[in-house]
Amino acid sequence: MESKLQGQEQTLAQQGHSGFAADWGSDQRVFKKVSWGKAMMWILLLSDTFIFACFLVAYLNARNTTTVDWPNASEVFALHIGGANLPLILIAIMTFVLISSSGTMAMAVNCAYRKARKATAALMLATAALGAAFVGMQAFEWSKLISEGVRPWGNPWGAEQFGASFFMITGFHGTHVTIGVIFLIIVARRVWRGDFDRDQRSWMSAGNGDYEAVEIMGLYWHFVDLVWVFIFAFFYLW
Amino acid sequence: MTHSPQTVEAGEMAHDEGQQHPIKLYFVVWGLLFVLSAASYWVDYAQLQGLLRWSLILIFMTLKAGLIIAVFMHMAWERLALIYAILLPPLAVIGLLAILIIESDYTSETRVIEFGQGAAAIAAE
């Protein structure tokens with residue numbers, strides 16, 4: 001059936017592997033029907049993936065090369081609550097907060113495409129609030145470890161590289177969350193004001209009813225959650 | 001569009017109207033992410049060790065990452081050209097990981113030979 005279609009229509013209609021070959025083989029844009037904004041966000045996230053991957057691989061390498069024992073994350077990140085010693089409890093709460101923020105963000109994107117302006121803005125602000133809570137808990141975690149003597153060059157429990165890895169990896173992730181919270185508030189404000197409903201172009205919107213900026217913002221936010229999945233597995237549980 | 005509606009794939013249709021998917025799907029994924037996180041927390045809480053621990057951690061991690069990318073980031077509904085451009089390059093990192101794990105074994109071995117096991121005891125003091 002596809003062979004009957006001609007030229008441009010053929011490439012637009014093709015899906016699957018023949019569509020993949022047609023997209024990459026055409027003397028035009030590769031990512032047909034993918035807006036520039038979304039393509040650029042994906043390229044940013046891909047480069048960010050490599051930065052985070054380098055940090056995590058370097059950390060695993062450092063951990064494997066030490067002749068000194070690596071501190072037990074389960075104990076290092078335990079909290080004493082009501083007389084009980086709960087291992088990794090703060091990290092568990094932070095994980096659930098971040099997953100919940102991913103959930104509210106997904107809902108916000110869904111509302112944006114239904115053009116439910118106020119629901120979208122409210123859900124984005126909820127996402128920002130959860131993100132801010134995450135950063136707050138991370139600040140608590142950092143100050144607790146610093147007061148216990150953890151430094152980039154040493155710590156009381158073993159391998160010196162633990163401190164450097166911890167501050168580098170969680171610090172870079174926390175920075176991403178903070179930037180995300182700021183941008184969530186900026187986009188939410190525009191949504192609330194109805195900027196995307198007006199027939200007015202900006203760097204975020206092609207005009208009347210173009211809410212794609214919310215989805216692109218969502219891509220960034222879900223990526224932050226995605227990175228935490230790997231940090232949780234390799235740094236805290238490993 | 002010259003082709004009849006039934007030949008248009010569901011993915012393409014969804015894309016034309018923006019990424020609109022049933023809200024129930026998001027709730028299911030949200031719930032699954034909670035369950036998988038609780039499961040990986042349990043792996044630590046139950047003090048599982050050895051191969052069982054590492055494999056469970058990696059399985060839960062992969063499932064969570066897959067759900068986030070496929071559903072929340074709408075990758076499941078994107079064009080194959082974009083999917084491959086994004087997902088294939090990070091696979092090269094596995095090569096980097098393999099090289100550095102081999103290298104780290106060598107470095108570790110060298111340190112033990114050069115400084116002896118006592119290096120651990122001295123550093124710990």
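Computed from a predicted structure; not experimentally measured.

## Things to note about the overall build of chain B
(1) Moving on: Within chain B, the secondary structure is distributed over five helices and zero strands.
(2) Moving on: Across the 125 residues that make up chain B, the buried fraction comes to 38%.
(3) Moving on: For chain B, the accessible area works out to roughly 7,200 Å², and carbon and sulfur atoms hold 72% of it.

## Some words on the overall build of chain A
(1) Moving on: From N to C terminus, chain A includes eight helices and two strands.
(2) Moving on: Put simply, chain A runs from its N terminus to its C terminus through helices and strands in the order α-α-α-α-β-β-α-α-α-α.
(3) Moving on: Radius of gyration (C-alpha) of chain A: 22 Å, far over the 18 Å computed for a compact globule of 238 residues.
(4) Moving on: Along the first, second and third principal axes, the C-alpha atoms of chain A reach 70 × 40 × 25 Å.
(5) Moving on: Contacts in chain A between residues far apart in sequence, at least 24 positions, make up 64% of those at least 6 positions apart.
(6) Moving on: Surface exposure of chain A reaches about 10,200 Å², of which carbon and sulfur atoms provide 64%.
(7) Moving on: Separation between the mean location of the 17 positive side-chain charges and that of the 17 negative ones in chain A comes to 10 Å.

## Comments concerning the confidence of the model for chain B
Residues and elements named next belong to chain B.
(1) Moving on: Scored by pLDDT, chain B has a mean of 82; 78% of the residues are at 70 or more.
(2) Moving on: Averaged over each element, pLDDT in chain B is lowest for helix H1 (residues 10-16) (42) and highest for helix H3 (residues 50-72) (95).
(3) Moving on: Confidence drops under pLDDT 50 across residues 1-16; counting only partners more than four residues distant or on other chains, this segment forms 25 contacts.
(4) Moving on: Across the whole predicted complex the pTM is 0.87, and at the interface the ipTM reaches 0.88.

## With respect to the side chain of Asp 195 of chain A
(1) Moving on: Its place among the elements puts Asp 195 of chain A in the loop between helix H7 (161-193) and helix H8 (212-237).
(2) Moving on: A polar contact of 2.7 Å, which involves the side chain of Asp 195 of chain A, links it to the side chain of Arg 193 of chain A.

## With respect to the packing of helix H3 (residues 36-65) of chain A against H8 of chain A
Residues and elements named next belong to chain A.
(1) Moving on: Two elements in contact, H3 and H8, have axes whose closest approach is 11 Å; the angle formed by their N-to-C orientations is 10°. The angle between H3 and H8 falls in the class roughly parallel. Across the interface between the two elements, Gly 37, Lys 38, Met 41, Trp 42, Leu 45, Asp 48, Thr 49, Phe 52, Leu 56, Tyr 59, Leu 60 and Arg 63 from H3 touch Glu 212, Glu 215, Ile 216, Leu 219, Tyr 220, Phe 223, Val 227, Phe 230, Phe 234 and Phe 235 from H8.

## A few points about helix H5 (residues 89-113) of chain A
All names here are of chain A.
(1) Moving on: Counted at 1.5 Å a residue, the expected span for H5 with its 25 residues is 36 Å, and the 37 Å between its end C-alpha atoms agrees.
(2) Moving on: Counting buried residues in H5 gives 23 out of 25 residues, a clear majority hidden from the surface.
(3) Moving on: Looking at the residues trailing H5, positive phi occurs at Lys 115, about 60°.

## Observations regarding a nonpolar patch on the surface
(1) Moving on: Residues Ile 179, Ile 182, Phe 183, Ile 186 and Trp 203 of chain A make up a contiguous nonpolar surface patch of about 510 Å² in total accessible area.
(2) Moving on: Looking at the element boundaries, Ile 179 of chain A is found in helix H7.

## A short note on the environment of Val 71 of chain B
Residue and element names in this part refer to chain B.
(1) Moving on: Of note, Val 71 is situated in helix H3.
(2) Moving on: Residue Val 71 is classed as buried on the basis of its relative accessible area of 10%.
(3) Moving on: Residues Val 71 and His 21, spaced 50 residues apart in sequence, show a C-alpha to C-alpha distance of 9.3 Å.
(4) Moving on: Excluding residues that lie within four positions of it along the chain, Val 71 makes contacts with Leu 25, Tyr 26, Val 29 and Trp 77.

Definitions and cut-offs
Residues numbered from 1 in each chain as written. Chains lettered and ligands numbered in written order. Predicted model: local features only at pLDDT ≥ 70, side-chain atom pairs only at ≥ 80, totals over all residues. Heavy atoms only, no water. Helix = DSSP H or I, 4+ residues; strand = E, 2+ residues; numbered from the N terminus. Buried < 20%, exposed > 50% of the residue type's maximum accessible area, 1.4 Å probe, protein only. Areas by Shrake-Rupley, 256 points an atom, 1.4 Å probe, with all protein chains shown as cover. Rg over C-alpha atoms; globule rule 2.2 N^0.38 Å. Contact = heavy atoms within 4.5 Å. Lys, Arg positive; Asp, Glu negative; His and termini not counted. Charge placed at Lys NZ, Arg CZ, Asp CG, Glu CD. pLDDT = per-residue confidence, 0-100. Polar contact = N/O pair within 3.5 Å; in protein donor to acceptor, adjacent residues only side chain to side chain. Axes fitted to C-alpha atoms, helices over the stretch in contact; angles between N-to-C directions. Parallel < 35°, antiparallel > 145°, perpendicular 65-115°, else oblique. Expected span 1.5 Å × (residues − 1). Patch = residues over 30% accessible without salt bridge, like charges linked within 9 Å, V, L, I, M, F, W, Y side chains within 5 Å. Salt bridge = Lys/Arg side-chain N within 4 Å of Asp/Glu carboxyl O.

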